[in-house]
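Notes for the structure review
Okay, here's what each chain looks like letter by letter:
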Amino acid sequence: MKNIRFKNLFSLVAVGLILLSSCTKDLNHIPANSVFSDSVYSNAAGYKTALANVYAGYVLTGITGPGTSDIQGVDAGTSDFVRCLWNVQELTTDEAVCAWGDPGVPDFHNMSWTSTDPILIGLYARCTYQITLCNSFISHCSDAELASHNITGDDAAAVQEFKAEARFLRAFQYAVLMDAFANPPFATDSDAIGPLSFPKQIKRADLFNYVESELLACSSSLAAPHQNEYGRADQAAAWALLARIYLNAEVYTGTARYTDAITYSKKVIDAGYSLMPSYANLFKADNNVNNSEVILAIPYDGINTQTYGGTTFLVNSACVNSTYAAGSPGYAMSTADYGVPGGGWGGNRSTANLPNLFPTPDTTVDKRGIFLNSPGVTEVITSISQFNQGVPVNKFTNLTSQGVEAEPNAGGTFCSTDFPLFRLAEQYLIYAEAVLRGGSGGDATTALGYINLLRQRAYGNSSGNIASSDLTLPFILDERGRELYWEGFRRTDLIRFNEFTSATYLWPWKGGVQSGTGVDSHYNIFPIPITDLQSNPNLTQNPGY
Amino acid sequence: MNLRRLFMSLLLLVAGSFSAFAQKTISGVVTDSATGRPLPAVSIIVQGTRTGTQTAADGTFKISVPANAVNLVISSVGYANKIVPISSENIFVSLTQINASLNDVVVIGYGTTTKKEVTGSIATVSTKDFQKGSITSPEQLIAGKVAGVSITSNGGQPGAGSVIRIRGGASLNASNDPLIVIDGVPLDGVDFQGINPNDIESFSILKDAAATAIYGSRASNGVIMITTKRGRSGKPMINFNTQFSVSKIQKEYPVLSASQFKNLVDSLGTQTQIDQLGDANTDWQKEIYQTALTTDNNLSIAGGFKNVPYRISGEYLNQQGVLLTDNLQREALSLVVSPYLFDKHLKIDINLHGSNTDSRTANTGAIGNAVSFDPTQSVYSDNKTFGGYFEWMTNDTTPQPLSNRNPVALLKQYDAENHALRSFGNIQFDYKFHFLPDLHANLNLGYDVAKYTGTTNVSVNAAQSYNSVPSLRGQDNQYYNNHTNKVLEFYLNYTKDIPSIKSNINAIAGYGYYDDHYFNRNYYSFSASHDTMPGSKPSYPTSFSDVTLLSYYGRLIYTFNGKYILMGSIRTDGSSRFGPDYRWGVFPSGAFTWRINQEDFLKNSNVVSDLKLRLSYGITGQQDGIPFYSYLNYYALSGNTSQVDFGNNYYNFFNPPPFAADLQWEQTATTDAGFDFGFAKNRITGSADYYYKKTSHLLASVFVPALTNFGNKLTRNVGNMTDKGVDFNINGTVIRNKNFSWDVGFNFAYNEFKITNLSVSQDSLAKAASNIAVGGIAGGTGNTIQVLSVGYNPYTFYVLQQVLGSNGKPIEGLYVDQDRNGTITQPNDLILYKSPYAPFTFGFTTAINYKKWSLNTVLRASVGNYVYNNVASNTAVVRNVLNPVGFLQNAPSSLLNTYFYNNQFFSSYYVENASFLKMDNLGIAYDAGYLSKHSYHLNLSLNCQNVFTVTKYSGSDPEIYGGIDNVIYPRPRVFTLGASITF
């Protein structure tokens, strides 16, 4: 008995010692179905999927479906790039007003936003998130890292092209931050990601120089115009963005750059793009097919690329199922007519000012006026929260150019329409405006010709053509409204024409007053969101907030 | 881990032989000295040995004792021990009841102690004090029984579980759940599903650091130690316990009646809207609720087989929910065996519990829809498109996409079946060394495994799963996941009395290993016709996750002269949730106890029978509740609806979530000062404690500087939170005589906690100004109603201050302009206003016994807690009734107070005082005693649960954890008839 006992005791102690010494490695767990950066960036194909992640930064809200988000402080479905940008650029203007009381939304049209606005938090976080993805991607493109993975020859060249695209996207997002927030924090691929650090703030003019230099530098490594895959940036995208920031340079830096705007818009115009014959088809669900006009678009798909933002937001927020009854407010509308039979969120429509830019508030004369003009539509908005007051805008639709719902299996809400970030028409307008504003290197006759190309498409013939005497700066602003409305330009345009905050141009409910009122000029720039201001002591709030 | 080798060694140990050594047989009867009734389950032990038995149901016992045995020790919970000389072969003993025995065993971490020697703040609740009635989940047994422990059930759905908070909690984004330890095996989280409450003997609630620090790793929010019932040697005792319950909802959520609704639409609606009114008068809440029946049957056999105590029990529970279609059935089995081997040097405890739970869970969305569905519509319609149910349509075939759905159809066209198999248990070896009996080695191997499977079917013609493509209508989905929790604990315990220096030493040193593995199968989604839903292809067929903790710990308790007790403990834990350089945390504690009544000046006092001072300080850690891998910079694949289009080819991609490589343990330092007291021979006992908890390295999800991480918000160690309060409880016997007794118990807790820092920035301005929006509400997109704000309770409401008219009613859209700038804007005019957490909680229990009758009740109160009435804020507005897009919705009756046209989500009007007084339980029991000698003992009881609620809150139930009311599943009033027979 005694021997057995001691043997047992010995076993216990021995087992105990084994346990004590052998288990610390059990604390190293790795999540299922995951990888680390060395396998993501192990070959050229891996770099391409990593590039897809960089682009996903402005396409999606999150990586595991439309209800998820990469960023917080804003509702997940609202957190994609286009939805945030659109709210900021359009709801603040005459072109759009939203019926919803969702946090931050009413403040845009009322011009009373603050640094806690969730959608401002969202746009800021979205831009800086995609910049971080770009910085991370670029930092993996060093010669040393490529060599360590034996990526050489054509593969290495392809990676350099990917890197140029990441630099373009980073410059694009810094340009958005420069336009909206003026003085954002700043970090590049040489800054570490992960450890707690406090990026320095950059001044708007310095950021302009950075964006310009990056675009100039990366454009030589980008694919030639039309030579990249659909959905990816090429040289023309970099030139188009340069033209856009040069047009607004005076606002950003105090120094006009109209000559450069002419130079770069001309480079795009001469790169082989042509206007799509049908204006309406630019905003339909098959606008990814044979699109001769678009330079860079954000592609969506009702099944494979789902988000509650993007064009799904633009289409659904602008329609609702409703019926018309004589004597009652409201009009007949069916969401099925916009390719979203399962959707229709009844939020966004226009104030009277937008249709008033057109000869008639519909497509009968100018085909760009895609408004509902039927019994019950009333331009007058007495209560912003009533969707059936104001003018319905149905420019974006989930129907194809053949008039059928794009992807019925998607459930009738998610849209397949792509959102144009850069298209030829804007470059025509930049060219003309830069000439009118005194830039050199272009001429008024060419400018008039470009504008009349837009007019001919809009009217179907030359009846809408204008004479050289008609080509004035106010005309350009109105023509930009007619051509580019709801595409995310309006706030920037009004600021460039000094009509955004001033009382010289009013629209219904501007400044929270039905007849419209001017507001303080500090609203030309958005506040740095409180979430970042409180976590980064290097930031100073913009003036007036 | 080399568990297999370990088991082999242990099997060797077990392979010994039982030894028999009986010399003479003693028999007898044990009775209650006051009532003369025989006492069952009294422990009879031969003094100085471990030979023992227990009395049978009729109080009789029979025991074989060695020829040289002198005395028997007779003991029973609630009675004073008695030592009886073995003077004859027939012994008659009467035991005297004591109110709260100082010798009651108290379960502490890694051992037991007695009530008189407890060093920490520990509350014990055992069988006789449990809540009565139809209790189907263990935690409900102690609701309202312990000061500072709040148990809020998640509503009345069968199997719904509860939120448990001990002294309010110490964390923000990490878990605030206490650690649950069953028979020495820590569970992963608070998961009582499938555990039979009838198998539980007692709860020990460890509140202060002196008690909890030995569980360092997960003890910041307190520890609840559960001991299951076990057998005692003696002849088998069979107990059959049956209950039959009837449940009905207490109160419907108050809404407009059909005629009030019709009047509103007629007077304010457009002609289109008036035309949408129906002719019916439907009480939708009445349509969705039922009178629910529950039966619960328990059979247990406990006794000793060849001196091996055992207990076997089985349960069959069949519980209907008050919501139509809700049903839960549970079969539970448990086996407990506690043999001694090697001359009683090795004690083995085997606990095995298993259960199978089959439930059909109703679509609880029907509860909110029943509040808001148009009462002028009937349940059924002539249009058969949706199975004959009335639904709002845009045309003859399409349901209105934005409208609510027929509540009855939501229930009847939805069938979610769940099957849960769970088993947990442990085998514990306690070995007393042959050459050094003061030293014990204890090995505890535990497991908890569960498998969850189920299906969800929605009819093809259900509006709730409508799709414009006919083949994609309805649902036919399934799920599968399982969980494995493995526990190994090994410790050495040395206890030594050293009379020469009046000292006692009790030391332990141990090691623990805890591993959890979660496994999940990912399925496609299917329509009712089993067509694949587009985009539902899972990226991977399966997924899993793991978390592991390793611990080393030690504790020394030194007692001098039976009066002064010093305790010190230290524990170090490593967690897989943290990186290698940060994963080990050290958690020390110390405590001093002074048994004042042992001093000469009190020793002979007739008034003070017990007085003890307890002082303790300790640090505990927290890492539960945060993501498993947030320190790692890993990449995860995007889902199939989240692809990127390059040239019309869709790409899945790898994406890095945000990460914090330097994440580390959250730490809570707790200071506790308390008294335990007893007066008048312990007819009055109680305790009072003051505590102060300071949490540092708080794990909180905070915003980080833009451009520094893959995301703008992540879990980091920031800031601090403090939590302080008072617990007090007192129990007393008001009257006790032969036929009549009256006992009362009262407890009270005050708790106050606030955030003291929340920013990653060290900038003092940023530290003070951080506000993190939390508490998402229904209505609109992305609205929140609460904030985490420095200097305030977490989850304080953040609202606009409503202005009332001269009639006392709120004026729509009129708020106090806090910054006096002439306009109402957020956040400038928002105020921090009230908290959802009650600073004051009270519990009151009383029991009256008269002869064979007893009457008992439990009252519980909560004072100072507020609830945001989201049902009212979201739906009690005219605009919601007269929805402009083609349907009507009903509204809560509070619409008639406000007549708000538009939603005023941020109005302080909706933050209501939800203080309440509830009678949880009122019961009467009849102890029929022994119907004839040596036959069976019968107990009958009739109980009512959720007897009444006193509150000013305007919704259906003020008790809402988190403070945002979106119509809780009603906690029904339950009438239970029970019978218990013991053979």
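Quick note: structure is the one above.
Described in the following lines is the structure provided in the data block. All values derive from a computational prediction rather than experimental measurement. (Residues numbered from 1 in each chain as written. Chains lettered and ligands numbered in written order. Predicted model: local features only at pLDDT ≥ 70, side-chain atom pairs only at ≥ 80, totals over all residues.)

Residue and element names in this part refer to chain B. If you trace the 3 strands from one edge of the open sheet to the other, you get β50-β49-β53, paired in mixed fashion. Because the sheet does not close on itself, it has two edges, and the strands there are β50 (911–913) and β53 (964–965). Sheet topology places strand β49 (residues 866–869) next to β53; 2 bridges connect them, and they run parallel. Looking at β53, one finds that Y868 is bridged to I964. (Pairing = 2+ DSSP bridges. Helix = DSSP H or I, 4+ residues; strand = E, 2+ residues; numbered from the N terminus.)

Moving on to the packing of helix α3 (residues 44–59) of chain A against helix α8 (residues 153–180) of chain A. All names here are of chain A. Contact geometry of α3 with α8 gives a least axis separation of 10 Å together with a crossing angle of 10°. One way to sum up the angle between α3 and α8 is to call them roughly parallel. Listed contacts from α8 to A44, Y47, K48, L51 and V54 of α3 are D155, A158, V159, F162, E165, A166 and L169. Of the residues assigned to the contact of α3 with α8, the class counts are 9 nonpolar, no polar and 3 charged. (Axes fitted to C-alpha atoms, helices over the stretch in contact; angles between N-to-C directions. Parallel < 35°, antiparallel > 145°, perpendicular 65-115°, else oblique. Contact = placed C-beta atoms within 7 Å. Nonpolar A, V, L, I, M, F, W, Y, C, P; charged D, E, K, R; others polar.)

Across the boundary between the two partners, chain B contributes 94 residues, which contact 105 residues of chain A. Sort the elements by how many residues they give to the side of chain B that touches chain A and strand β27 (residues 542–560) of chain B lands first, with 7 residues. Classifying every residue of the side of chain B that touches chain A by side-chain character gives 43 nonpolar, 44 polar and 7 charged. Note: strand β1 (residues 34–35) of chain A against strand β31 (residues 635–637) of chain B, 2 bridges, orientation antiparallel. Along β31(B), the bridge assignment pairs S34(A) with A636(B).

Our focus in this paragraph is the pairing of strand β5 (residues 71–75) of chain B. In summary, the side chains of a regular strand alternate between the two faces of the sheet. All names here are of chain B. Residue alternation in β5 divides its side chains into a buried set, L72 and I74, and an unburied set, N71, V73 and S75. Summarising the sheet, β5 and strand β6 (residues 82–85) pair through 4 bridges and their orientation is antiparallel. Looking at the pairing, V73 lines up with I83 of β6. (Buried ≥ 20, exposed ≤ 12 C-beta atoms within 10 Å, placed from the backbone.)

As a further point, take the packing of helix α4 (residues 81–90) of chain A against helix α6 (residues 118–139) of chain A. Residue and element names in this part refer to chain A. Running from amino to carboxyl end, α4 crosses α6 at an angle of 130°, the nearest separation of the two axes being 9 Å. Judged by the angle between their axes, α4 and α6 are oblique. Handedness of the crossing formed by α4 with α6: left-handed. On the side of α4, the interface is formed by F81, C84, L85, N87 and V88, while α6 contributes I119, L120, G122, L123 and R126. In terms of residue class, the contact of α4 with α6 is built from 7 nonpolar, 2 polar and 1 charged. (Left-handed = near helix turned anticlockwise from the far one by under 90°.)

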